[in-house]
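# Structural features, examined
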Amino acid sequence: MRRAVCPGSFDPITNGHLDIIARASRLYDEVYVAVMINKSKKGLFEIDERIDLIRQVTADCGNVRVESFHGLLVDFCKQREIPAIVKGLRAVSDFDYELQMAQMNIGLSGVETLFVPTNPTYSFLSSSLVKEVAQWGGDVSHLVPPAVIEALNKRIRRD
């Protein structure tokens, strides 16, 4: 079985994330979405809320599993026999950092990283930007799935 992982904080998941996950799900038999736990950061959504939202919006894929992780991504991969990490690249600025991570990951464990260029429609998109625009009352309905809009509205009390 061919497996890959799409890691991130997904706070919240955006249409850009979904695009990468859906594309990976067409290339691999099983795709894990690994939701990173960073205890030093307070997210807008709790880990369980993020996992629930991701499960809702990826249900149509059929071969996507969603789990949280804390620690090294390569350890997550080893435990699940995942040989590949799929990362979306929005811009050249993403490449420098992601290349260093990819080289470290292959050196630590032999896990390969595959870079997927982001759909140009989402090249500017980030979870941070979505949260900021939503908190100021801006319309982000074209940037995130409907379930995320509902969750954002409840969280920032605009419904």
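In case you missed it, the structure is sitting above this.
Keep in mind that this is a model prediction, so the values were computed, not measured.

### Focus: the pattern of salt bridges
For the structure on display, the rule yields 12 salt bridges. Between E30 and R65 there is a salt bridge, with the nearest N and O atoms lying 2.9 Å from each other. Here R65 lies in strand 3 (residues 64–69) and E30 lies in strand 2 (residues 30–36), a separation of 35 residues in the sequence. On the basis of relative accessibility, which here comes to 11%, the residue E30 falls in the buried class. A relative accessible area of 40% places R65 in the partly exposed class. One continuous salt-bridge network, built from bridges that share partners, spans R3, E30 and R65.

### Some details on helix 6 (residues 146–155)
Turning to helix 6, its buried residues are A147, V148, I149, A151, L152 and N153. Along its buried surface, helix 6 packs onto helix 2 (47–58) and helix 5 (127–135).

### What about the nonpolar core?
In terms of nonpolar packing, the biggest core is built from 36 residues, with V86, V140, V144 and L152 touching the most fellow members. Elements represented by at least two residues in this core include exactly strand 1 (3–8), helix 1 (15–27), strand 2, helix 2, strand 3, strand 4 (84–89), helix 5 and helix 6. Looking at which element gives the most residues to this core, the answer is helix 6, with 5 residues. Excluding its chain neighbours within four sequence positions, the residues that come into contact with V140 are V130, V133, A134, I149 and L152. Among the nonpolar cores identified, the runner-up in size contains 11 residues, and Y32, F69, V74 and C77 belong to it.

Basis of the calculations
Residues numbered from 1 in each chain as written. Predicted model: local features only at pLDDT ≥ 70, side-chain atom pairs only at ≥ 80, totals over all residues. Heavy atoms only, no water. Salt bridge = Lys/Arg side-chain N within 4 Å of Asp/Glu carboxyl O. Helix = DSSP H or I, 4+ residues; strand = E, 2+ residues; numbered from the N terminus. Buried < 20%, exposed > 50% of the residue type's maximum accessible area, 1.4 Å probe, protein only. Contact = heavy atoms within 4.5 Å. Core = buried A, V, L, I, M, F, W, Y, C linked by side-chain atoms within 4.5 Å.

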